[in-house]
Structure formats: structure tokens, C-alpha cells
Amino acid sequence: MAETATESVQRHDSARELPRWREGLRAYRLIAGMWVRSSMTYRASFAITVVGNLLVTGLDFATILLMFSRVDSLGGWSLPEVAFLYGLSATAFGISDLVLGSMDVLGARIRDGSFDTLLVRPAPVLAQIGADRFALRRLGRITQGGLVLGWALLRVDVNWTVGKLLLVPVMLVCGAAIFGALFVAGAAFQIVAQDAAEVQNAFTYGGNTLLSYPPVVFGKDFVRGVTFMLPLAFVNWVPASYVLGRPYPLDLPPGAEFASPLVAFVCCALAGVVWRAGLKSYRSTGS
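From a predicted model like this one, the values you see are computed outputs, not experimental measurements.

A look at helix H8 (residues 139-155)
Stage number 1. If you check H8, its first and last C-alpha atoms are 24 Å apart, about what 17 residues at 1.5 Å a residue would give, namely 24 Å.
Stage number 2. Considered for burial, the residues of H8 that qualify are Gly140, Arg141, Ile142, Gln144, Gly145, Val148, Leu149 and Ala152.
Stage number 3. The elements touched by buried residues of H8 are helix H3 (43-68), helix H4 (79-100), helix H9 (162-193) and helix H10 (197-210).

Here is the structure:
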């Protein structure tokens, strides 16, 4: 039977419809591209802010260097080993902060009523929030973390194998995903609490600072919470302990050092559930 004109139009319309995740990526790319073009209008100012961001974030590692100017080791960990932890955490967090670092403005948007504008746009809200005020200056943090990581890889005393070498990029990707899940879950909490950006920052920025130090300097109960309740330990502590040949403070099942991809997947899935629940609970300001 010949296809009618209406059926043909409907078929072509459905073919043009994008899956939800592709639609989100497209919206993110367009919004982020707009902010990138805006920031590149004044290239000298952009370069200065990137260098400034690199120097400011470098103060965190300067603190570690000052610490090691007085001691030879920290909990038995040498400077290159601590730098390895720091570089992994800072680089992974920097990637996540570049992609989703604007999530902490969600509370302000809810208070001033501009969040309602995002809800009526024909694009996924999460993509709009994530790309809002996309700032390339955050490349400074990634650069700084990458430089420290590169130095640590050259100086750390490790019997490198293929598995250990491959685990380094896996830690960076999975770490960025875990931090990204925290950004999304924190944004969902802001919807419910109407603000609380500081609570989100305590887990994201605070988690990055925490993971810059060896797990042995913290109490076992705290390490247990960061490993099993809020699994930040799988960003670097657990897999890095395996790479460096260091015993982990807790008894973990065999293969736990390779569990970062699974942990990252579970965290992202749970963050998606929490985000949808938070979005459904939103009540407009009515303004």
C-alpha cells in the first residue's frame, strides 16, 4: 500500500528526533561554544585569567611542598607518592570542574526565578545548567594538576607494568565521572534546599583536597566512610595504593583496585536518579 503524505511527514519527523542524551550533548555544545566565543573576544584577558587560575590552584601543592620541607615523609609516603595522589585528584577534579563546575549557580537561579526560564526551553535542563557560564579559565587547574602528575610519574619508585600504566588514565576518567556525579547530586540538593551551594562545594572541592593526602593520615572510620559510603577513595586512594605497592588501611576484596569504572558507573546512575527526583520536586517561585 502506498504511503500517505501524512505518514511520510510523521516518519521523517521521528527520524529527525534525537535521543535524549544526544539532544543534551548538542545543547551543551552550543551553549558552551557561546561562552567560549565570548571569553575569547579578549584574548589577553583570557590568557591572564588562565595563568592566574593555574597559579592560584598551585597554592594547594605549594602547601604540600612546604610540609615536606620539614619532614621526609607523610605517613610513610614520600613526596613523589603524595604528588601522584595530588596530580590524579587535581586533574580528575579539574576535568569535572571544567565540564560541570557551573552547577553551584543553580541555587542563585532558583532564588531569582531564572531557573524557570531553563525549564521552558526545548533542551535538557541538566545540559543547560552544566554549560551555563562555561569557563575555559578552568583549564589552568587541569594544566597544573597534569604538570604535578607528570613530575610524579617520572620520580615515583614504581615497578611499572602494562596494567599499572593503563590504570593511570582509567583513574583520571573515572575520577572525573565520580566528581561529576557529585556535582549533579549537589545541584539536585540545591533544588530541594533552595540554595546550599556551600554543601555541594564541601563534597566536591573538599573531596579534591582530601584526596590530595594519603589515606593513612586519616582515621580508619573516616577512611571507611569515604570508601564505602561516599566512594571518593576510588578516585585515587584505592587504585593508586595498588600502583604504588602501598597497603590500603582497610581490608578490601580482591580486585577492588580495578573497581573504579564500576563505582563511577553506579555513582553516575544514582546521580541521574537523584537529579530527576530533585527536578520533579521543584516548585516554581511564581514570579
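Still more to cover.
Some details on H4
Stage number 1. Over its 22 residues, H4 extends 31 Å from the first C-alpha to the last, a length consistent with the 32 Å expected when each residue adds 1.5 Å.
Stage number 2. With respect to burial, H4 is a largely interior element, 19 of its 22 residues being buried.

Description of a nonpolar patch on the surface
Stage number 1. A cluster of nonpolar residues, Leu262, Phe265, Val266 and Leu270, forms a patch on the protein surface that exposes about 430 Å² of accessible area.
Stage number 2. Relative to the elements of secondary structure, Phe265 occurs in helix H13 (residues 260-280).
Stage number 3. Take Phe265: its relative accessible area is 62%, and that puts it in the exposed class.

Notes on the nonpolar core
Stage number 1. One finds Phe84, Phe115 and Trp237 to be the most contacted residues of the largest nonpolar core, which totals 64 residues.
Stage number 2. Among the elements that make up this core, the one with the highest residue count is H9 (14 residues).
Stage number 3. With residues up to four places along the chain from it excluded, the contact list for Trp237 reads Leu85, Leu210, Leu211, Tyr213, Pro214, Pro215, Phe218, Val223, Val226 and Tyr248.
Stage number 4. By size, the runner-up hydrophobic cluster in this structure holds 12 residues, among which are Tyr28, Phe46, Val50 and Phe134.

Overview of the packing of aromatic side chains
Stage number 1. All chains considered together, the criterion is met by nine aromatic pairs.
Stage number 2. A ring pair is formed by Phe61 and Tyr86, whose centres lie 5.2 Å apart and whose planes are at 40 degrees; its orientation type is tilted. Of the two residues, Phe61 is situated in helix H3 and Tyr86 in helix H4; the sequence distance between them amounts to 25 residues.
Stage number 3. Using a relative accessible area of 3% as the deciding quantity, one classes Tyr86 as buried.
Stage number 4. Each ring, one from Phe218 and one from Trp237, has its centre 5.6 Å from the other, and the planes form 35 degrees; the classification is tilted. Of this pair, Phe218 sits in the loop between H10 and helix H11 (220-229) while Trp237 sits in helix H12 (residues 237-244), and the two are 19 residues apart along the sequence.
Stage number 5. Look at Phe218 and you get partly exposed, because its relative accessible area is 26%.
Stage number 6. On the accessibility criterion, Trp237 (0% relative accessible area) is buried.

Let's talk about the packing of H4 against H9
Stage number 1. Taken N-terminus to C-terminus, the directions of H4 and H9 make an angle of 50 degrees; their axes are 8 Å apart at the nearest point. Our classification of the angle between H4 and H9 gives oblique. Judged by the sense of rotation from one axis to the other, the crossing of H4 with H9 is right-handed. Facing Phe84, Leu88, Ser89, Thr91, Ala92, Phe93, Ile95, Ser96, Asp97 and Leu100 of H4, the residues of H9 in contact are Val168, Met171, Leu172, Gly175, Ala176, Phe179, Gly180, Phe183 and Val184.
Stage number 2. Of the residues assigned to the contact of H4 with H9, the class counts are 13 nonpolar, five polar and one charged.

So, the side chain of Asp116
Stage number 1. Within the secondary structure, Asp116 sits in helix H6 (residues 115-120).
Stage number 2. Arg109 provides the closest opposite charge to the buried, unpaired Asp116, separated from it by 9.5 Å.
Stage number 3. Within the structure, Asp116 has its side chain in polar contact with the side chain of Tyr282 (distance 2.3 Å).

Concerning the confidence of the model for the protein chain
Stage number 1. Scored by pLDDT, the protein chain has a mean of 86; 92% of the residues are at 70 or more.
Stage number 2. Scored below 50 in pLDDT, residues 1-16 makes two contacts in the model with residues more than four places away or belonging to other chains.

Digging into the packing of H4 against H8
Stage number 1. Running from N to C, H4 and H8 point in directions that differ by 155 degrees, and their axes come no closer than 7 Å. As far as their axial angle goes, H8 and H4 are roughly antiparallel. Of the two possible hands of crossing, H4 and H8 adopt the one that is left-handed.
Stage number 2. Residue composition of the contact of H4 with H8, grouped by class: 17 nonpolar, six polar and three charged.

Reading the values: the criteria
- Residues numbered from 1 in each chain as written.
- Predicted model: local features only at pLDDT ≥ 70, side-chain atom pairs only at ≥ 80, totals over all residues.
- Heavy atoms only, no water.
- Helix = DSSP H or I, 4+ residues; strand = E, 2+ residues; numbered from the N terminus.
- Expected span 1.5 Å × (residues − 1).
- Buried < 20%, exposed > 50% of the residue type's maximum accessible area, 1.4 Å probe, protein only.
- Contact = heavy atoms within 4.5 Å.
- Patch = residues over 30% accessible without salt bridge, like charges linked within 9 Å, V, L, I, M, F, W, Y side chains within 5 Å.
- Areas by Shrake-Rupley, 256 points an atom, 1.4 Å probe, with all protein chains shown as cover.
- Salt bridge = Lys/Arg side-chain N within 4 Å of Asp/Glu carboxyl O.
- Core = buried A, V, L, I, M, F, W, Y, C linked by side-chain atoms within 4.5 Å.
- Phe/Tyr/Trp six-rings, centres within 6.5 Å; stacked < 30°, edge-to-face > 60°.
- Axes fitted to C-alpha atoms, helices over the stretch in contact; angles between N-to-C directions.
- Parallel < 35°, antiparallel > 145°, perpendicular 65-115°, else oblique.
- Left-handed = near helix turned anticlockwise from the far one by under 90°.
- Nonpolar A, V, L, I, M, F, W, Y, C, P; charged D, E, K, R; others polar.
- Lys, Arg positive; Asp, Glu negative; His and termini not counted.
- Polar contact = N/O pair within 3.5 Å; in protein donor to acceptor, adjacent residues only side chain to side chain.
- pLDDT = per-residue confidence, 0-100.

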